[in-house]
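So the chains spell out like this:
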Amino acid sequence: MYLAFFVRYAVDAHRGKGPRGREFPPHEVRLRGGLVRSWALEGKPEEATKALEWLETLPPPGVLAPRVLEGNWRTRVAYVPPHDLLQPPGHREKVPLLHHVLPLPGRLLAYAYPLEGREEEAEAQLPTLGRLAGRISYLGTSRNLVWVEARLVEDPLGAYREEAGQEPWLLVPAEAGDLWMRVAPPGFLRLAEERFQARVRELPHRWVPYREPEALRSSQSLSPWGAWRVLALDPPLPLEWAPLFAHAARRALLSLLPPGAPPELTGHGAGGGPLRAPHLALVPLPNVGHRYGDGRVLGLAFLLPREAGGAVELALLEALLRLEEVRLDGLAVRLLPPDGRWALREGRWRRPARRFASVTPVVFDRYPKRGDVLAALRFSARAAGFPEPEEAWVLPYPRPQGVPLSRDFRLPPGVEGYVAHAEVLFPEPVSGPVLLGRGRYLGLGLFVPLEVEDGGA
């Protein structure tokens with residue numbers, strides 16, 4: 001049995017500031033700090049004091065969170081006046097402060113404390129801890145709006161899967177862990193009160209190593225795609241035009257890159273020929289796969305290989321700041337900052353799953369000899385950096401709602417081969433985006449996880 005605190009974000013991004021701002025999942029000490037704030041707001045009642053002191057006797061919790069990539073953090077610098085009361089406001093020199101933003105592929109966190117035979121004690125303390133948890137309105141910075149509930153669960157992993165609809169990133173305390181997290185020490189309530197009276201802002205903490213259990217580390221394959229940037233389209237386009245639009249957008253982007261731009265962005269090798277190594281993919285994002293799916297392309301994602309470094313991502317961002325419009329057959333399409341529509345969310349396409357269906361047709365790397373579709377798609381999966389599927393099918397009609405027939409798509413110049421919609425089943429959960437086939441760098445062979453349904457546009 002576990003005492004679990006379930007934290008639900010009311011926003012679709014996690015924010016931090018300062019040198020420790022790039023922290024996800026939020027360390028356990030932040031949850032405990034929120035409980036102490038609730039205790040103080042209630043007037044420090046005795047039963048709440050006893051409940052928080054009892055919580056200090058439990059071992060560090062397991063942490064469950066949506067899986068994120070380090071490369072998805074976005075950072076900006078703001079200049080703020082220091083709290084220097086010795087100088088008048090007009091004479092204080094502003095100092096830089098880093099602000100960090102991490103788009104979230106899911107909105108649920110959980111902190112699960114193992115009870116180890118102390119279930120009766122937990123049941124007695126649960127009403128008070130649940131009341132304190134319900135008063136927490138943010139985690140870390142006040143821009144991370146959340147609501148929190150506490151309850152007893154037999155299986156935190158199963159409860160997370162059921163509520164979040166996705167596989168979590170599970171971290172547990174381990175002596176050989178490689179991720180260090182700040183955890184509340186024994187006596188946390190007393191130490192926090194002493195620091196508050198002394199006007200020390202940092203919460204008392206101890207560092208505990210965490211790691212992902214080996215069983216989970218080996219049971220899920222990560223996508224070969226790393227950094228993800230999205231721009232919304234105005235106006236939206238028919239999905240049949242998506243490959244041609246990606247081709248036009250790539251040409252527009254190349255025109256903005258400086259001489260000597262990284263080959264991961266240009267797609268060109270040393271001699272000017274096609275780069276054989278993974279490089280930038282431009283992927284149109286359609287509104288499909290749910291009851292309101294209409295096949296409109298709402299945005300364009302720019303994906304970098306996982307191995308691409310920060311310098312490559314910075315060069316891409318600089319070019320995207322100047323990419324305001326793409327012209328397709330005389331139609332001017334504006335590129336705008338993304339909004340909250342489901343098709344534009346990273347989690348829509350990265351969500352781990354075993355079964356996927358194509359939303360843009362696959363241009364097979366090899367023709368299926370004697371109708372052996374599985375062998376052909378296994379080759380395409382290996383070439384794209386994914387594990388081989390255990391089953392695969394060619395579909396006469398596309399599976400997701402709103403997807404056109406494969407023959408209706410207009411292919412860009414130079415992309416030829418056997419074209420068909422497909423469905424694949426991997427032996428283990430795979431994190432997307434899943435892109436297979438010859439045209440994957442222009443958004444062909446884009447697959448959507450079939451476990452995801454009814455998200456809305």
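The rules behind these values
Residues numbered from 1 in each chain as written. Predicted model: local features only at pLDDT ≥ 70, side-chain atom pairs only at ≥ 80, totals over all residues. Heavy atoms only, no water. Buried < 20%, exposed > 50% of the residue type's maximum accessible area, 1.4 Å probe, protein only. Helix = DSSP H or I, 4+ residues; strand = E, 2+ residues; numbered from the N terminus. Arc of directions from axis to C-beta. Contact = heavy atoms within 4.5 Å. Axes fitted to C-alpha atoms, helices over the stretch in contact; angles between N-to-C directions. Parallel < 35°, antiparallel > 145°, perpendicular 65-115°, else oblique. Nonpolar A, V, L, I, M, F, W, Y, C, P; charged D, E, K, R; others polar. Core = buried A, V, L, I, M, F, W, Y, C linked by side-chain atoms within 4.5 Å. Pairing = 2+ DSSP bridges.

S.K.: Just to check I follow, could you spell out helix H4 (residues 156-164) for this structure?
M.R.: Three- or four-residue spacings in an α-helix give side chains the same orientation, since the helix completes a turn every 3.6 residues. The set of residues buried in H4 consists of Pro-156, Leu-157, Ala-159, Tyr-160 and Ala-164. All buried residues of H4 project into a common sector of 165° when viewed along the axis, lining one side. Next to the buried residues of H4 lie strand E1 (2-9), strand E3 (62-65), strand E6 (108-114) and strand E7 (146-153). One or two residues past the end of H4 sits Gly-165, with phi positive at roughly 70°.

S.K.: Where do I start with the packing of helix H1 (residues 28-41) against helix H3 (residues 119-134) in this structure?
M.R.: Helices that pack against each other are described as a pair by the angle of their axes relative to one another and the distance between those axes. Two elements in contact, H1 and H3, have axes whose closest approach is 8 Å; the angle formed by their N-to-C orientations is 95°. When the axis of H1 is compared with that of H3, the two are roughly perpendicular. The residues of H3 that touch H1, namely those facing Leu-35, Ser-38 and Trp-39, are Leu-129, Leu-132 and Ala-133. Split into classes, the residues belonging to the contact of H1 with H3 amount to five nonpolar, one polar and no charged.

S.K.: Looking at this model, I keep getting lost on the nonpolar core. Mind explaining?
M.R.: Nonpolar side chains tend toward joint burial in soluble globular proteins. Ranked by size, the top nonpolar core spans 74 residues in total, and within it Phe-245, Phe-302, Leu-323 and Phe-386 carry the most contacts. The element contributing the most residues to this core is helix H7 (residues 242-256), with nine residues. Among the nonpolar cores identified, the runner-up in size contains 45 residues, and Leu-3, Leu-115, Leu-139 and Val-148 belong to it.

S.K.: Even after reading the chapter, I still don't get the sheet that holds E6, so can you show me in this structure?
M.R.: The strands that make up a sheet pair up through hydrogen bonds in the backbone, lying either parallel or antiparallel. Within the open sheet, the seven strands sit side by side as E7-E1-E6-E3-E8-E10-E9. Their pairing is antiparallel. Each edge of the open sheet carries a strand with a single partner, namely E7 and strand E9 (179-183). Recorded for the sheet is a direction-independent mean angle of 25° between the axes of neighbouring strands. Strand direction decides the pairing type here: E9 and strand E10 (residues 206-211), joined by five bridges, are antiparallel.

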